[in-house]
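# Fold and contact review
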Amino acid sequence: MKSSKPNYYSTWDFIKSYNEKKSKGTLHKHESLLEKDFSLLVKNSDKDYYKEDFIFQQGNKSPVESFLTYFEIGLYPPPSIMAAIAESFNEYYFRKGDSTLEECFFGSSTKAVGNNSSLSDREFKFQYMFVTLNDETEKLTQIDAAEKVITKLKLECDVDTFLRQYRRYKKKTGRLDISEIKKKF
Amino acid sequence: MTLDTPEKIKAFLLQNPKSTYINEYGEEYTLKNDELTIKSLPYNSWKYVDNIRDRMIKEANKNTDYFDMECVWNRINDSDDYQLDRLDRSAETPLQDFIYTSEFEMYPKPEIIIFLYNCFNRYFYMKGEESLEDIFFGKSQKGIGNQAAKKSRLEAVKHLSMIIQMEKQGIGFNRSEIKRTDLVLAEEVIEMMKLSIDPESLLRKYRRHIKGK
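So, a few notes on the structure that sits alongside this text. (Residues numbered from 1 in each chain as written. Chains lettered and ligands numbered in written order. Predicted model: local features only at pLDDT ≥ 70, side-chain atom pairs only at ≥ 80, totals over all residues.)

With that out of the way, let us pick up the overall build of chain B. When helices and strands are tallied, chain B shows nine helices and three strands. Ordered by position from N to C terminus, the α and β elements of chain B give α-β-β-β-α-α-α-α-α-α-α-α. Burial statistics for chain B: of 213 residues in total, 23% are counted as buried. Sequence-distant contacts, at least 24 apart, represent 40% of the contacts inside chain B between residues at least 6 apart. (Helix = DSSP H or I, 4+ residues; strand = E, 2+ residues; numbered from the N terminus. Buried ≥ 20, exposed ≤ 12 C-beta atoms within 10 Å, placed from the backbone. Contact = placed C-beta atoms within 7 Å.)

Shown next as C-alpha cells:
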C-alpha cells in the first residue's frame, strides 16, 4: 500500500501499530506466520532483548538502527523490524522512482546524514570504550568502563547491551591498535 | 581457506589459474598478466553473498562473528515446515531474495541479514558520500532515474509486449473485430500503470526491447 509518507514503514509509528495489532491478535496471516517462526529463533535467555521497550530504549532513532543493533549483539531482529525493512523496500518500488531509498528509510535524504551524529559515528563509541578500558591510570573493569562511556557520550542504551555490542565489534575488527585510536582523542 | 598476504594470494592464483580469490571483506583478487588486481564486489550480488555463506558454514564451529547467526539459523531451519534451500538462486539479486522471503512469510537466510547489515552500515559509515541507492544498486547513471523507476519501466515494457502479442493473436479482452494499434495499447498500459511517460517513448522502448531479445 502506498502510504502518505514515504518512510512510514521505517518509523516507530509503524512498529507501534504492529505491536498493537499483535497484542490484539489482528495481525495479517503472513505476519502471524513470521511470529511463529520467530518463536523458534529465540532462546529463553535472550527473551529480554525482544521485549517491546528494548527496541525503543536503546537510543535507536529508527527501525533500521534497531536492525543494526540486533545484529551487533548477535541476534536475529524481531518480526516487526523485519516487516519494517521489507515494507520500506516495497514502498520504494511502489513509488516507481518518485522517492529515493533514503526518503523511504529516513524521511528525507539529508536528515540521516549531517546532524545525526549517533548515526554516522557508530564506531566512535566502541573506539572510545576501547581507549577507556585500556587507560593505564584508571584500570576500570568492563562494566565500569561501559558505564563511564555511556554517561560521557550520553548514550541511551544499557550496560549489558553495550558490552555485547562492543565485544562483537572487537571480535569483528580483530586486534585494535591502541596507539592508532588514541590519536583520535 | 584464509590467505592473509598478497604473496600467498598470488601463489594460490598461480596454482589455480582459472579461479579467483575473494577475501572476507568481499574483495575479489584476479591475476592478469601476473599482476594481482583487486575489485570490490557489489554488495547486492550473489557472488558477494555466496562468499559470506561459504565462510559462515566453514566457520560455524569456531567462535567467530558469524557463529551466533549460523547457530540460530540451524535452530529455525531444523523445524519441519521450514526447509529453505540455502543455495536457491531464483531471485535475481540478494535484495530480491529478501523481499520474496518476506512475502512468503519466512525469515531470510542469515547471509541475507549480514548483507543488509553491511549495506546499511556502509551507508552510515560513509556519512552521506554514498547514497543508499548507490550502495544497493551501484552508481546510478544519469538520465535513467533510480532503480524503482527503471524497474517500473521495464515492467511496463514487458506488459506492453504481452498485450501486443495477445492483440495480434486475437485473444484477450478486446472483443471487437478491429485490432487496436500498438500506440493505443501503449496508452492503455500507461494509464493502467499510472506512469508519467508518453506512449511514443514507451513504444520505442518496447521496440528496442524486442530487438535486444
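Another aspect to go through is the overall build of chain A. When helices and strands are tallied, chain A shows eleven helices and zero strands. Element order for chain A, N to C, with α for helix and β for strand: α-α-α-α-α-α-α-α-α-α-α. Going through the 185 residues of chain A one by one, you find that 33% of them count as buried.

All names here are of chain B. It is the contact of helix α4 (residues 94-103) with helix α5 (residues 110-125), at a shortest axis distance of 10 Å, that shows an interaxial angle of 120°. As far as their axial angle goes, α5 and α4 are oblique. Along this stretch, α4 crosses α5, giving a crossing that reads as left-handed. Here Pro94, Asp97 and Phe98 of α4 lie close against α5, whose contacting residues are Ile112, Phe115 and Leu116. Residue composition of the contact of α4 with α5, grouped by class: five nonpolar, no polar and one charged. (Axes fitted to C-alpha atoms, helices over the stretch in contact; angles between N-to-C directions. Parallel < 35°, antiparallel > 145°, perpendicular 65-115°, else oblique. Left-handed = near helix turned anticlockwise from the far one by under 90°. Nonpolar A, V, L, I, M, F, W, Y, C, P; charged D, E, K, R; others polar.)

A word on the sheet that holds strand β2 (residues 27-32) of chain B. Residues and elements named next belong to chain B. In spatial order, the strands read β1-β2-β3; together these three strands make up an open sheet with antiparallel pairing. The open sheet has two edge strands, β1 (21-22) and β3 (35-40), and neither has a second partner. As paired elements, β1 and β2 share two bridges and run antiparallel to each other. Across the sheet, residue Ile22 finds its bridge partner in β2, namely Glu28. Across the sheet, helix α1 (residues 6-15) touches β1, β2 and β3, and the angle it forms with β2 is around 60°. (Pairing = 2+ DSSP bridges.)

Another point: the pairing of β3(B). Residue and element names in this part refer to chain B. Little of β3 is tucked away: zero of the six residues are buried. For β2 and β3, the ladder comprises six bridges, and the chain directions are antiparallel. Within β3, the residue paired with Glu28 across the bridge is Lys39. If you look at the hairpin formed by β2 and β3, you'll find two residues sitting between the two strands, and Asn33 has a positive phi there, around 50°.

By size, the foremost hydrophobic cluster in this structure holds 39 residues, and its most contacted members are A:Phe67 and A:Ile85. Every element with two or more residues in this core is listed here: α1 (12-24), α4 (63-72), α5 (79-94) and α6 (101-106) of chain A together with α2 (46-58), α4, α5 and α6 (132-137) of chain B. (Core = buried A, V, L, I, M, F, W, Y, C linked by C-beta atoms within 7 Å.)

Here we take up the packing of α4(A) against α5(A). All names here are of chain A. Where α4 meets α5, the closest approach of the two axes is 9 Å, and the angle between their N-to-C directions is 125°. If you check the angle between α4 and α5, you find them oblique. Pair α4 / α5 crosses with left-handed handedness. Of α5, the residues touching α4 (which contributes Pro63, Val64, Ser66, Phe67 and Tyr70) are Ile81, Ala84 and Ile85. A class-by-class count of the residues in the contact of α4 with α5 yields seven nonpolar, one polar and no charged.

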